[in-house]
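A closer look at the structure
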Amino acid sequence: MAPTDTALTIRNLSPHVLTIISLDRFPLPPAQPQKPTLDNITDFNNLAHNFTSLLKKSPLKHTTLPGLLPSPGPDHAKLSADAQAFHAEVVDVKVGAFATLAGDKSQVKLTKDGKDEILRLTFSITAGGKWSVDINPQSKIISRQIVTIIKPKYDEDYTSALWHIGPGQLTLVWTPPLNKWMAPLPGTLPLCALSVPGTHNSPTHHVAAPSVRCQAHPIPVQLTNGVRFLDIRAQPEQKGTNMWLVHGAFPVSLTGGKHLLTTLLNHVYGFLAANPSETVMVSLKREGPFEVSDATFSKIAYEKIIAPNAGKWYTGAEIPTLQQCRGKCVLIRRFGLHPEVKDWGIDASSWTYNTPNHTSSGGHIQVQDFCEVLAEKNVDQKIDYVTAHMDRAGVYTYTKDTVGINNYSPPPIYLNFLSASNFWNTRCWPDKVAEKVNPEVVDYLALKYNTGRQSGEGDCGTGVLVADYVGDKGNWDQIRLCVSMNGLVGSRWMLVDKEMMEKAAREKEEKEKKAKEETERKKKKAEAEEKAKAEAAKAAAAKA
């Protein structure tokens, strides 16, 4: 039971100032745990987590479709529509954009008189829109609460709220629809300014050999739920016309034959055609059981894979703006080039192996990829490296004074791998590491990330978070939190765009004014010359 004097801390991960306008307290209904449904059993992948699970005959732990196992939602039954509050009060509690209001400031008591209850907060924003969220202050689990829309206002929305009993904090998360979360962002933003969810060894959701499988969902599901960075490893076919998908020396699946790169990319092309506001960074790396040179790999990728779909790719060597790559794949090249292929793709062809922080060969990618965890205790070190790299990305402030003016070069793309494994230690296989790292990242984003920033310091960007088992058990909180961090840079950049457009308009007006003055000057000069000629002719005629 929560103490009666504990007050609620509220974090607002949105670009809007929110106001809590009312508090309602209801008796706590009995718990009603969710049950698996047969409707979700549609694929053999739902019946096996990976090859290891089959060997151990262990119970199902991960699923390729959300809903088969209970999601980490509220641990109490939903209040009925006619539920009666035993206490209600009107309040006026404001929480700034991307700000945290501590309990001693909010003065919102978690419980009244120590009763078991559900606390409903109703809140709004100045521009319109109203929402409510119910929390169980006694809940000892980290749970995602359902945000109810009372009065919709935007395509973007408060999509979820995370409750942490330890600090007594409710984190409200604002995102656009995840299938088109880039749509509200200004096109002039450089790609490195964005907070981007990604997946490690993206196409490895199949039943696979130990330590090969890294994902819970196929590529289309990942993209629909907000993933915008794909990590793809491929091996050219012997005839050199296509590539098949691998993880190290192994195929991505033990069933269904070889999976082709072109098939995967067709899924990406289809998604981008349906969502032209988006872009997908595609990191392509040479792996596989057969020895192939980078030169051969790059020539096949260039001629056979990407050139036939050239209009669907951004393959420039510099970091693009969002407008330059909307509706396209962006090539992140983790291989060297054939001598005939020049300045192709953003160069990430080499970085120090197992690095906590290193800038890639091309200078445009700064990476954390500490990937070898020899024992479980090393996972904590991995988490420290992940959060440190997020902090590096978050200090940048993208304004008109730093980007796009005075030939300023944007900072690198911060590529942050949450993944790690050890083939020889079953407790350090990808799923086990993800079970520990992913929740820690969710906690860090919700509770700590950039909470100490002063107004105007940093845009809260996370860089690219490349994770294993994204969306596992239907839990997409990590994606939502990452995407929500774009709200600050997006809203700030809109002001930058406005100032730059106003500057461009002033420059255009000044240019037009000067052109008009020049035209008028030339006209007067021509008139004066004509007049002089006429007077000269008249004088000549008089003499004659």
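A brief structural summary. None of the values given here were measured: they were computed from a predicted structure. (Residues numbered from 1 in each chain as written. Predicted model: local features only at pLDDT ≥ 70, side-chain atom pairs only at ≥ 80, totals over all residues. Heavy atoms only, no water.)

1. Side note on the overall build of the protein
The helix and strand inventory of the protein stands at 10 helices and 22 strands. Relative to its full complement of 544 residues, the protein shows a buried share of 51%. Residue pairs in contact within the protein that sit at least 24 positions apart in sequence constitute 72% of those at least 6 positions apart. For the protein, the exposed surface amounts to about 24,800 Å²; the carbon and sulfur share of it is 54%. (Helix = DSSP H or I, 4+ residues; strand = E, 2+ residues; numbered from the N terminus. Buried < 20%, exposed > 50% of the residue type's maximum accessible area, 1.4 Å probe, protein only. Contact = heavy atoms within 4.5 Å. Areas by Shrake-Rupley, 256 points an atom, 1.4 Å probe, with all protein chains shown as cover.)

2. Considering the sheet that holds strand β8 (residues 147-151)
Strand order in the open sheet formed by 5 strands is β3-β2-β5-β6-β8, with antiparallel pairing between adjacent strands. Both edges of this open sheet fall to β3 (87-95) and β8, since each of them pairs with a single strand only. Strand-to-strand twist across the sheet, computed as the mean angle between neighbouring axes with direction ignored, equals 25°. Relative to β8, strand β6 (residues 130-135) is paired through 4 bridges, and the arrangement is antiparallel. The partner of Val 133 across the bridge, within β8, is Val 147. (Pairing = 2+ DSSP bridges. Axes fitted to C-alpha atoms, helices over the stretch in contact; angles between N-to-C directions.)

3. What to know about the packing of helix α7 (residues 377-394) against helix α8 (residues 430-448)
Running from N to C, α7 and α8 cross one another at 35°; their axes reach a closest spacing of 10 Å. The handedness of the crossing between α7 and α8 comes out as right-handed. Contact with α7, carried on its side by Val 379, Asp 380, Lys 382, Ile 383, Val 386, Thr 387, Met 390 and Asp 391, involves Val 433, Lys 436, Val 437, Glu 440, Val 441, Tyr 444 and Leu 445 of α8 and no other residues of that element. In terms of residue class, the contact of α7 with α8 is made up of 9 nonpolar, 1 polar and 5 charged. (Left-handed = near helix turned anticlockwise from the far one by under 90°. Nonpolar A, V, L, I, M, F, W, Y, C, P; charged D, E, K, R; others polar.)

4. A look at a negative patch on the surface
Where like charges cluster on the molecular surface, the negative patch consists of Glu 509, Glu 510, Glu 512 and Glu 517. In this structure, Glu 512 sits in helix α10 (residues 486-543). Residue Glu 512 is classed as partly exposed on the basis of its relative accessible area, which comes to 46%. (Patch = residues over 30% accessible without salt bridge, like charges linked within 9 Å, V, L, I, M, F, W, Y side chains within 5 Å. Salt bridge = Lys/Arg side-chain N within 4 Å of Asp/Glu carboxyl O. Lys, Arg positive; Asp, Glu negative; His and termini not counted. Charge placed at Lys NZ, Arg CZ, Asp CG, Glu CD.)

5. With respect to the pairing of strand β21 (residues 413-417)
The buried count for β21 comes to 5 of 5 residues, which makes it a mostly enclosed element. Going residue by residue along β21, you find Ile 413, Leu 415 and Phe 417 tucked away on one face and Tyr 414 and Asn 416 tucked away on the opposite face as well. Pairing geometry for strand β20 (residues 365-368) and β21, over 4 bridges, is parallel. Residue pairing in the sheet places Gln 368 in a bridge with Asn 416 of β21. Taken together, the 3 bridges between β21 and strand β22 (residues 464-467) define a ladder with parallel strand orientation. By the bridge assignment for β22, Phe 417 is matched with Val 466.

6. Examining helix α4 (residues 261-274)
Given a rise of 1.5 Å per residue, 14 residues ought to cover 20 Å, and the 20 Å separating the end C-alpha atoms of α4 matches this to within 8%. Of the residues making up α4, those classed as buried are Leu 261, Leu 264, Leu 265, Val 268, Tyr 269, Phe 271 and Leu 272. Across the axial projection of α4, the buried residues extend over an arc of 160°, all falling on one side. The outward face of α4, more than 90 degrees from its buried face, is lined by the exposed residues Ala 273 and Ala 274. (Expected span 1.5 Å × (residues − 1). Arc of directions from axis to C-beta.)

7. Thoughts on the side chain of Asp 24
In this fold, Asp 24 is placed in strand β2 (residues 18-27). No salt bridge is formed by the buried Asp 24. Its closest oppositely charged neighbour is Arg 120, at 6.0 Å. Excluding residues that lie within four positions of it along the chain, Asp 24 makes contacts with Ala 85, His 87, Ala 88, Ile 118, Leu 119 and Arg 120.

8. Description of the nonpolar core
Of all hydrophobic cores here, the largest spans 93 residues; its most connected members are Val 268, Met 281, Leu 284 and Leu 415. With residues near it in sequence (within four places) discarded, Leu 284 still touches Ile 232, Ala 234, Leu 261, Phe 297, Ala 301, Leu 331, Ile 332, Arg 333, Arg 334 and Phe 335. Membership of the second largest hydrophobic core comes to 25 residues, among which are Ile 10, Leu 119, Val 147 and Ala 161. (Core = buried A, V, L, I, M, F, W, Y, C linked by side-chain atoms within 4.5 Å.)

9. Here we look at unusual backbone geometry
In most cases, non-glycine residues show a negative phi, while peptide bonds are predominantly trans. Backbone geometry at Asn 354 places phi at a positive 60°, although glycine is not the residue there. For Asn 354, the position within the fold is in the loop between β18 (346-347) and β19 (358-359). Located in the positive-phi region is Tyr 469, a residue other than glycine, with phi close to 50°.

10. With respect to the packing of aromatic side chains
Summed over the entire model, instances satisfying the criterion amount to 13 aromatic pairs. Between Phe 123 and Tyr 158, the aromatic rings sit 5.2 Å apart at their centres with planes inclined by 90°, giving edge-to-face as the arrangement. Here Phe 123, found in strand β5 (residues 117-125), pairs with Tyr 158, found in strand β9 (residues 157-164); they are 35 residues apart in sequence, far enough to count as distant. Judged by its relative accessible area of 1%, Phe 123 is buried. Looking at Tyr 158, the relative accessible area reads 2%, which means it is buried. One residue, Lys 258, lies across the ring of Trp 244, its end atom 4.7 Å from the ring centre. (Phe/Tyr/Trp six-rings, centres within 6.5 Å; stacked < 30°, edge-to-face > 60°. Lys NZ or Arg CZ within 6 Å of the ring centre and 35° of its normal.)

11. Quick notes on the packing of α8 against helix α9 (residues 477-484)
Here α8 crosses α9 at 35°, and the two axes come no closer than 9 Å. Note on packing geometry: the crossing formed by α8 with α9 is left-handed. From α8, Asn 438, Val 441, Val 442, Leu 445 and Ala 446 reach across to α9, where they touch Gln 478, Leu 481 and Cys 482.

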